[in-house]
Amino acid sequence: MADRVTVIGWDGSPLTAAARSALGAATLVAGAAHHLALPEVPHTAERIRLGSVALAARRIAGHRGSAVVLADGDPGFFGVVRTLRAPEFGLEVEVVPAVSSVAAAFARAGMPWDDAHVVVAHRRTLRRAVNVCRAHTKVAVLTSPGAGPAELGLLLEGVHRTFVICEELGTDREQVTILTSDKAADHTWRDPNVVIVLGGSVGPARSEGGGWIAGRDPAAGPRGWTQPAEAYGGLMGEGELEPLRAAQLARLGPRVGDLVWDIGCGSGAFSVESARAGAAVIAVDSALEACARTESAARHHGVQLQIVHGSAPHVLENLPEPDVVRVGGGGAAVVSAVADRRPQRIVAHAATRDAAELVGRGLTEHGYQVECALLQSVELDTRVWTERERSVAFLLSGVLPERTG
C-alpha cells in the first residue's frame, strides 16, 4: 500500500504550497492528460492516465511510495475521493481541495447557488437528471460525453429552459454561453462542461438572509401530502377527493428524479402534490378548462408542471417515458395504453366492482402485480358530529416486478 495518498483538486489557479509539496514528493501521479502536463509533476514519478478511478485505486494500493491523484475542482464533491476511500482499496487519503466546477460555474454566472439542485448526468442517469431539470427552477448538471448540453436540450422538448453552459472552466479555452434549451442541440460542446439550467415560474422566495438548507426548502408550502379541495378552487370529482389522492400518492411514491404522468388531471391537485414531492409532472386532460385550472394551481403553489391538452390514449404516444402514472380518467383502455409504456407503478380508480375487475385484469395481462382495495371515507361535521360527505371508490394499483425501485 502507498505510504501516503494525496488527492489534489485543480481549478486552473496556481497550486497551493501544500499541493506543490505533495507533488514534489510523489513517486506516482494519477490524473487526466492536462493534469499530468502540469510542470509541478516530477519527471521521475510513475504516471497513470486517469480513466477508471477504480483501476487507478488498485494500482495505488499496490504502490510503494507517495501517490498523488489530481482531479478537477473539488475531488470530494461528486469526485474521486469516494471511490478511493472504498473499503476494498483500504486507502487513507489527504485532500487538498479546489473550487468545485459547480461553484465556478455559478460564479461565472454571477448567481447564488445554495438554492440549486446539483445532478450528475451520464448515459445511465441522463433521464433522471432531465426530470430534475423539468421539476426545478435552478439545476446544475455535471455532464459527461453522450450526456451533455445537446442531449439535455433534446430531452427537455416542450419545456422552456435557459442554459448557461460553462466549458473547460479554469483553462485558457474557458467559454460561457447562454442560450435557450431548444438551441443546445445546434452546437458542438467541449468537455468537460457544466450546465446551469434555469427557468419556469419561481416558487416562494428565500428570505433576505438566505435559506437554511441547500436545494429546495422542504418547509416551503403547507404541511401534508395532500391539501383540501379549497386549496385547488373548490369542487372536485369523485376521483380527486382527498382520501383517494392520499392513498394514490402513498402507492406511487413520487420522488426527485421521477417523471409522473397525471392523466385526467382535473383540478391539478394530484399533479401539484406530486410536484411538491420533488417529481417532474406531465398533467394531461382533454378539457381546456381542466388544463387552465391545473396551470393556475401550479402557479399558486409555486411548482413546475408541463400541461398537455389532448385525449388519452392518443396524446400519450409522444410523451417521454414515465416512472409512475395516475390514471384519473379513461378507464381500462387508457390503463392498458399506459401499461404498454412499462412504468414502475400505475394507480387508477373505479366506481364499480365490474369496472375495477376490467382494469385489474388488463394490468395483470401486462405483467403487473395488482392490488385492489375498496376505500370508503365519511367526512363528519365536528360541530354537531353528523355526516357531511361520503365517498366510495375502488383503488387499483399495479407494480411491475422487474422495476420495483
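Residues numbered from 1 in each chain as written. Predicted model: local features only at pLDDT ≥ 70, side-chain atom pairs only at ≥ 80, totals over all residues. Heavy atoms only, no water.

Asker: Quick one: what's the story with the nonpolar core, residue by residue and with numbers?
Answerer: Side chains of a nonpolar character, in soluble globular proteins, are inclined to be buried together. Ranked by size, the top nonpolar core spans 27 residues in total, and within it W261, I263, L316, V327 and V338 carry the most contacts. Within the residue set of this core, elements represented by two or more residues are β11 (259-263), β12 (280-285), β14 (324-327), α11 (331-339), β15 (345-350), α12 (353-365) and β17 (386-399). Broken down by element, the residue count for this core peaks at 4 residues, all from α11. Every residue in contact with V338, bar those within four places of it in the chain, is listed here: W261, I263, L316, V325, V327, P343 and I346. (Core = buried A, V, L, I, M, F, W, Y, C linked by side-chain atoms within 4.5 Å. Buried < 20%, exposed > 50% of the residue type's maximum accessible area, 1.4 Å probe, protein only. Helix = DSSP H or I, 4+ residues; strand = E, 2+ residues; numbered from the N terminus. Contact = heavy atoms within 4.5 Å.)

Asker: Describe a nonpolar patch on the surface, listing the residues and the values that go with them.
Answerer: Taken together, the side chains of V378, L380 and W385 define a hydrophobic patch exposed on the protein surface, amounting to about 310 Å² of accessible area. Secondary-structure assignment places W385 in the loop between β16 (369-381) and β17. (Patch = residues over 30% accessible without salt bridge, like charges linked within 9 Å, V, L, I, M, F, W, Y side chains within 5 Å. Areas by Shrake-Rupley, 256 points an atom, 1.4 Å probe, with all protein chains shown as cover. Salt bridge = Lys/Arg side-chain N within 4 Å of Asp/Glu carboxyl O.)

Asker: Please set out the sheet that holds β17 residue by residue, giving values where relevant.
Answerer: In sheet architecture, strand pairing relies on hydrogen bonds along the backbone and comes in two forms, parallel and antiparallel. With respect to topology, 7 strands assemble into an open sheet ordered β13-β12-β11-β14-β15-β17-β16, the strand pairing being mixed. Of all the strands in the sheet, the pair left with one neighbour each is β13 (306-309) and β16. Neighbour-to-neighbour, the strand axes of this sheet turn through a mean angle of 20°, independent of strand direction. With 4 bridges joining them, β11 and β14 adopt parallel strand pairing. When the sheet's bridge partners are listed, V260 is paired in β14 with V324. Here helix α6 (residues 126-135) sits on the sheet in contact with β11, β12 and β13, set at roughly 70° to β12. (Pairing = 2+ DSSP bridges. Axes fitted to C-alpha atoms, helices over the stretch in contact; angles between N-to-C directions.)

Asker: Please set out the sheet that holds strand β9 (residues 175-180) residue by residue, giving values where relevant.
Answerer: Pairing is mixed across the open sheet formed by 5 strands, whose spatial order is β6-β7-β10-β8-β9. Single-partner strands in this sheet number two, and they are β6 (117-120) and β9. Shown here is a sheet whose adjacent strand axes are inclined to one another by a mean of 20°, direction ignored. Of the strand pairs in this sheet, strand β7 (residues 138-142) and strand β10 (residues 193-198) are connected by 5 bridges, and their pairing is antiparallel. In the sheet register, V139 faces β10, and the bridge partner there is V197. Of the strands in this sheet, β6, β7 and β10 touch α6, which is tilted by about 160° from β6.

Asker: Go over the pattern of salt bridges, please, and point to the residues and values.
Answerer: With the rule as written, the count across this model stands at 21 salt bridges. Across the pair E92 and R85 runs a salt bridge whose closest N-O atoms are separated by 3.7 Å. Since its relative accessible area comes to 63%, E92 is described here as exposed. What emerges from the salt-bridge pattern is a single network uniting R127, R128, R255, D258 and D323.

Asker: Kindly report on unusual backbone geometry, identifying the contributing residues and their values.
Answerer: Look at the link from D191 to P192: it is a cis peptide, with omega at -5°. Positionally, P192 belongs in the loop between β9 and β10. At the junction of A312 and P313, the peptide bond is cis and its omega measures out at 10° in the coordinates. By secondary structure assignment, the location of P313 is in the loop between β13 and β14. The backbone of F78 shows a phi angle near 55°, a positive value even though the residue is not glycine. Here F78 lies in the loop between β4 (66-72) and α4 (81-84). Relative accessible area serves as the criterion here: at 53%, F78 is assigned to the exposed category. Of note, the phi angle at W385 is positive, near 55°, even though the residue is not glycine. When its relative accessible area of 61% is taken as the criterion, W385 is described as exposed.

Asker: Summarise the packing of α11 against α12; cite the residues concerned and give the values.
Answerer: The geometry of α11 relative to α12 is characterised by a closest axis approach of 9 Å and an angle of 15° between their N-to-C directions. By the angle class used here, α11 and α12 are roughly parallel. Handedness of the α11/α12 crossing: right-handed. Facing G331, A332, V335 and A339 of α11, the residues of α12 in contact are L358, V359 and L363. When its residues are assigned to classes, the contact of α11 with α12 shows 6 nonpolar, 1 polar and no charged. (Parallel < 35°, antiparallel > 145°, perpendicular 65-115°, else oblique. Left-handed = near helix turned anticlockwise from the far one by under 90°. Nonpolar A, V, L, I, M, F, W, Y, C, P; charged D, E, K, R; others polar.)

Asker: So what's going on with the layout of surface pockets? Residues and values would help.
Answerer: Left-over empty space is what a probe sized like a water molecule reveals as it rolls over the atoms. By volume, the largest pocket is sized at about 1,300 Å³. Looking at the lining of the largest pocket, the elements with two or more residues in it are α2 (33-36), β4, α4, α5 (101-109) and β10. For the lining of the largest pocket, the element with the most residues is α5, which contributes 4 residues. Of the residues that constitute the lining of the largest pocket, the class distribution is 21 nonpolar, 16 polar and 8 charged. (1 Å grid on protein atoms, 1.4 Å probe; cavity = no way out; pocket = protein on both sides within 12 Å on 5 of 7 lines; lining within 4 Å. Points joined across faces, edges and corners; volume = space filled by probe spheres on them.)

Asker: Please set out empty space enclosed by the protein residue by residue, giving values where relevant.
Answerer: Going through the model one piece at a time under the given rule, you end up with 1 cavity of 30 Å³ or more. As for the largest cavity, its lining consists of R4, T6, A22, A25, S66, A67 and V68. Of the residues forming the lining of the largest cavity, the biggest block, 3 residues, is contributed by β4. Here the residues of the lining of the largest cavity are counted per class, giving 4 nonpolar, 2 polar and 1 charged.

Asker: Tell me what's going on with the state of the cysteines, and back it up with residues and numbers.
Answerer: By the definition in use, this model includes 0 disulfides. Free cysteine C166: the closest other cysteine sulfur is in C133, separated by 14 Å. You can call C166 buried: its relative accessible area is 1%. (Disulfide = S-S within 2.5 Å.)

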